[in-house]
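Listed below are the residues making up each chain.
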Amino acid sequence: MKFENVLADINGFGKFQIMIIVISFIGRFTLPCHFMLNNFIAAVPSHHCDISSLDDGGIFRNLSQAERLVVSIPVQEDGTPSSCQMFTEPQYHLLLNPSNVTDLPTVSCQNGWVYDNTTFKSTLTSQWDLVCDRRGKNKATATIFFIGVMFGAMTFGSLSDRFGRRIMLLVSYVSGMLFAVASAFSSSYVMFAVLRFFTGFCITGIVIVSSVLSVEWVDVEHRKLVGVIDSLSWTFGNTGFAAIAYFVNDWRWLIVSVTSPLILAIVTWRWMPESARWLIANGKLEQAQVYLKKCATMNGTEELIHTLKTETLATIVVTEKRDRTYSYLDLIRTPKMRKLALRTGILWFCVAITFYGISFNITGFGLNIYLTQFTYAVIELPAKISVYYLLDKIGRRCTEVGSLLLAGVCLGINIAVPKDTSVVRTVVAVIGKGFSSASFGTVVLYSSELYPTVVRQNGMGYNSFMARLGVAVAPLILLLDDVWKELPQVVLCLTASLGAIVARTLSETRNRCLAETIEDIEQQW
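Residues numbered from 1 in each chain as written. Predicted model: local features only at pLDDT ≥ 70, side-chain atom pairs only at ≥ 80, totals over all residues. Heavy atoms only, no water.

Trainee: Help me get a handle on the UniProt feature "transmembrane region" (unreviewed entry) in the protein, residues and values and all.
Mentor: Within the UniProt annotation, "transmembrane region" (unreviewed entry) is assigned to residues 12-31, 140-160, 167-185, 191-213, 225-247, 253-272 and 340-358. For residues 167-185, the end-to-end C-alpha separation is 28 Å, with 95% helix and 0% strand making up the annotated structure. (UniProt positions renumbered as here; feature names shortened; annotations may be inferred. Helix = DSSP H or I, 4+ residues; strand = E, 2+ residues; numbered from the N terminus.)

Here it is as structure tokens:
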């Protein structure tokens, strides 16, 4: 007997399942905000050296601010004032002849920097002067966060398979909120970096646990709808984030603002059920019976409650011991599980590199940072809506393969399109972003359906680890333009193509029951 048979009897997509989706949606809103947070909190405002030390009490004091900059700050090749250099003493002759700057002595900024606060009231950059020779520390904050996400994915995947989905979701909510809020009140760069690592570590449990919990409670017919809704929560969060960032331009309060939805998520957690699949797979039949009866009651199928006996539930999983503990090692113990883990790991790595590589590399809009953030989010909407229809029309595998191939085609086209046709390149890049977004939306649902219940969270944790590894690698790929201007596009194109090839080797899961045990996987073709 399969768990899907039980779900079919008590309605596998009713008010009970909608409640789970809504609760998950609330908690997931904060995730894209934190993932894209560095776009705003680590933004680099226009800045120049603090020139107050050059005030000699005479002529300098009588100059306007613009004239003070002329005699104090050297001009770069593009005509803008230098951000990192200043003259050793005021060069008053530049007021008469600004071009006469040959061999004038300059030094690095001696007394800090002055920042343009027009767009941002405060950022990490202005807080701790993360510019010039310290700009690497500014970029490192994003890397540190994603390293935390990477290890958190592995940890929460394993822990939720061991201790249950529901309790680990609460742990992720509470710990993620505490570390995030604490980071907003950091008194030093080191303190902030450490707290951002743990924020990433804890907050990733939300997406790892909630996505699997949602899929495990719905019937086969509605799994793709749940997958698309989960994916749309990311788009919705990114869109809302642009508005929040526009009105909250202080980095500390921006962190607090995007973390605050977790308070509501914690309040609504009390109504989140444990996964009945997980309870049955781990021999906790009485608890599974309680939740299944709640599901039947909410979905209006009370007349079938009498069929939900522990003896009936005991027949669902009979091929493996229920009291054994599963770990990441179970992903590689048996031949077919080993192949599955290898293929999905490579696929997630390729999808992440393609998606974030394109996202980091889209230029030419000429929009401000808030409108750009909003545009990037809106681009994903039609792609994900298309995925909803394609998942059942052509299947999970074809959707994943097709979206990656088309993303690769767009990357390939941009290699050939001349640099001076910026409009064409931007349009092609936007289309590529849409296809890469579709591939990301598909792979989450597809992978959760490929893994058996007993190691599904371990599998998703491992896949998320590989995706975050891809996120960390994507910016490094973009640095390859120092070798050849088009090399990043070539690498991204090849990566998307590799992902499509690997996805083609996976089995289709459309309209199929979820595997419950590792033996189910080993018995497949």
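Next comes the rest of the description.
Trainee: Which residues make up the pattern of salt bridges, and what values do they have?
Mentor: Where side chains of opposite charge bring their charged atoms close, a pairing between them can arise. Scanning all chains against the criterion turns up 8 salt bridges. For Arg-165, the salt bridge identified is with Asp-161, shortest N-O distance 2.6 Å. A relative accessible area of 5% places Asp-161 in the buried class. Among the charged side chains, a salt-bridge network with shared partners connects Asp-161, Arg-165, Glu-216 and Arg-456. (Salt bridge = Lys/Arg side-chain N within 4 Å of Asp/Glu carboxyl O. Buried < 20%, exposed > 50% of the residue type's maximum accessible area, 1.4 Å probe, protein only.)

Trainee: Provide a residue-level description of the environment of Tyr-328, including the pertinent values.
Mentor: Within the element layout of this structure, Tyr-328 appears in the loop between α16 (310-313) and α17 (335-361). For Tyr-328 and Val-455, which are 127 residues apart along the polypeptide, the C-alpha to C-alpha distance reads 7.9 Å. Sequence-distant contacts of Tyr-328, defined by excluding residues within four places in its chain, comprise Ala-153, Met-154, Thr-155, Gly-157, Ser-158, Asn-458, Gly-461 and Tyr-462. (Contact = heavy atoms within 4.5 Å.)

Trainee: Can you lay out the environment of Gln-127 for me, pointing to particular residues and giving the numbers?
Mentor: Mapping Gln-127 onto the fold places it in helix α7 (residues 124-128). Gln-127 gets classed as partly exposed once you look at its relative accessible area, which sits at 31%. Considered as a pair, Gln-127 and Thr-106 are 21 residues apart in the sequence and their alpha carbons are 25 Å apart. For Gln-127, the residues in contact, after removing those within four places along its chain, are Ser-122, Trp-251 and Arg-252.

Trainee: Could you give an account of the packing of aromatic side chains, naming the residues involved and the relevant values?
Mentor: Within this structure, the stated rule accounts for 25 aromatic pairs. Between Phe-185 and Trp-253, the aromatic rings sit 6.3 Å apart at their centres with planes inclined by 85°, giving edge-to-face as the arrangement. Of this pair, Phe-185 sits in the loop between α9 (165-184) and α10 (189-217) while Trp-253 sits in helix α12 (residues 251-259), and the two are 68 residues apart along the sequence. Each ring, one from Trp-348 and one from Phe-440, has its centre 6.4 Å from the other, and the planes form 90°; the classification is edge-to-face. One end of the pair, Trp-348, is in helix α17; the other, Phe-440, is in helix α20 (residues 422-450), with 92 residues separating them in the sequence. Taken together through their ring pairs, the aromatic side chains of Phe-40, Phe-120, Phe-241, Tyr-246, Phe-247 and Tyr-370 make up a single cluster. (Phe/Tyr/Trp six-rings, centres within 6.5 Å; stacked < 30°, edge-to-face > 60°.)

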